[in-house]
Amino acid sequence: MEGKAFFIDTTLCTACRGCQIACKQWNQLPATETKNRGGFQNPEDLSFFTYKLVRFSEYMGSDGKPVWYFFPDQCRHCIVPPCKDIAEALGYKKAITQDAVTGAVLFNQKVKVQADDFEEIKESCPFNIPRYDPKQMAMAKCTMCIDRVSNGLLPACVKTCPTGTMNFGDRSQMLAMANKRLKELKAQYPKAHLLNVEDIRTIFLVIDDSEKYYEFAKSHGPLGITRLVAMKKLIRPLVSLSGVKG
Ligand code: SF4
Ligand code: SF4
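Residues numbered from 1 in each chain as written. Chains lettered and ligands numbered in written order. Predicted model: local features only at pLDDT ≥ 70, side-chain atom pairs only at ≥ 80, totals over all residues. Heavy atoms only, no water.

S.K.: Can you help me understand the pattern of salt bridges in this one?
M.R.: The tally for this structure, following the rule as stated, stands at 13 salt bridges. The residue Lys-180 makes a salt bridge to Glu-184 at a minimum N-O spacing of 3.5 Å. Note that Lys-180 and Glu-184 are positioned in helix α6 (residues 171-186) at a spacing of 4 residues, about one turn of the helix. With a relative accessible area of 45%, Glu-184 lands in the partly exposed category. Note that Asp-208 is salt-bridged to Lys-212, the shortest N-O span being 3.4 Å. Lys-212 sits in the partly exposed class, given a relative accessible area of 28%. Look at the salt bridges and you will find they share partners, linking Asp-45, Arg-55, Asp-73, Arg-76 and Arg-131 into a network. (Salt bridge = Lys/Arg side-chain N within 4 Å of Asp/Glu carboxyl O. Helix = DSSP H or I, 4+ residues; strand = E, 2+ residues; numbered from the N terminus. Buried < 20%, exposed > 50% of the residue type's maximum accessible area, 1.4 Å probe, protein only.)

And the structure:
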């Protein structure tokens, strides 16, 4: 399926965090309490109430000059989402769905998920995205602003971004844009590359090793059916005997 995709050109990001605020505003998510931790990344991490987070990474370059990388983190909307596979294998049939038109991976907050099952779902995500609220027993993450996109609007983060970092459109269009930009940058930045481009709908362009941006910027393991998911699928009949959870 062609579907939609984001193209996130990290070389243009100024870490203004407009995308973070726009996400909160559109999704009516409350602010979370925070404190000064000696850096500019704020809040500290993604949460049930924070779907989009600009990660800050600062380190000393080989020339002795400080380097600062910004990584506007969010769900990658995997083409074959391991989170969905494992949720289904655990008996949560309707907890995670995939929109047939856009390919957006959507968490259904009406489905109550047990905390230990959530841990397995989170573990299956190669990008450390799913978050949980124990009070509501619900999961949350980026929705691709499906309510906006299905009405012909851009996701709120893309609409807000003033630098051209955040882009959104048909996946083939985003791939073409990403490859064109990569070609332009290669001469100056030989390490420039696209992250997991074949498997996801949130395509990041970086100019250095992905770990320098964020530990989970790039998938650590294979995408698609992981060993854990395959195992769960094998025991699915046993899980079903105990009843469908959602
Ligand atoms: S990035 Fe993680 S949460 Fe998002 S679709 Fe992929 S596996 Fe699921
Ligand atoms: S709005 Fe754009 S430039 Fe500002 S932090 Fe987000 S991605 Fe970066």
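S.K.: I'm lost on the sheet that holds strand β10 (residues 202-206) in this one. Help?
M.R.: Strand order in the open sheet formed by 4 strands is β8-β1-β10-β9, with mixed pairing between adjacent strands. The sheet is open, and its two edges are formed by β8 (166-170) and β9 (193-194), each paired on a single side. Here β9 runs beside β10; their pairing, made up of 2 bridges, is antiparallel. From the neighbouring strand, Leu-194 faces β10, where its bridge partner is Leu-205. Its contacts with the sheet place α6 against β1 (4-9), β8, β9 and β10, and it is angled at close to 135° to β8. (Pairing = 2+ DSSP bridges. Contact = heavy atoms within 4.5 Å. Axes fitted to C-alpha atoms, helices over the stretch in contact; angles between N-to-C directions.)

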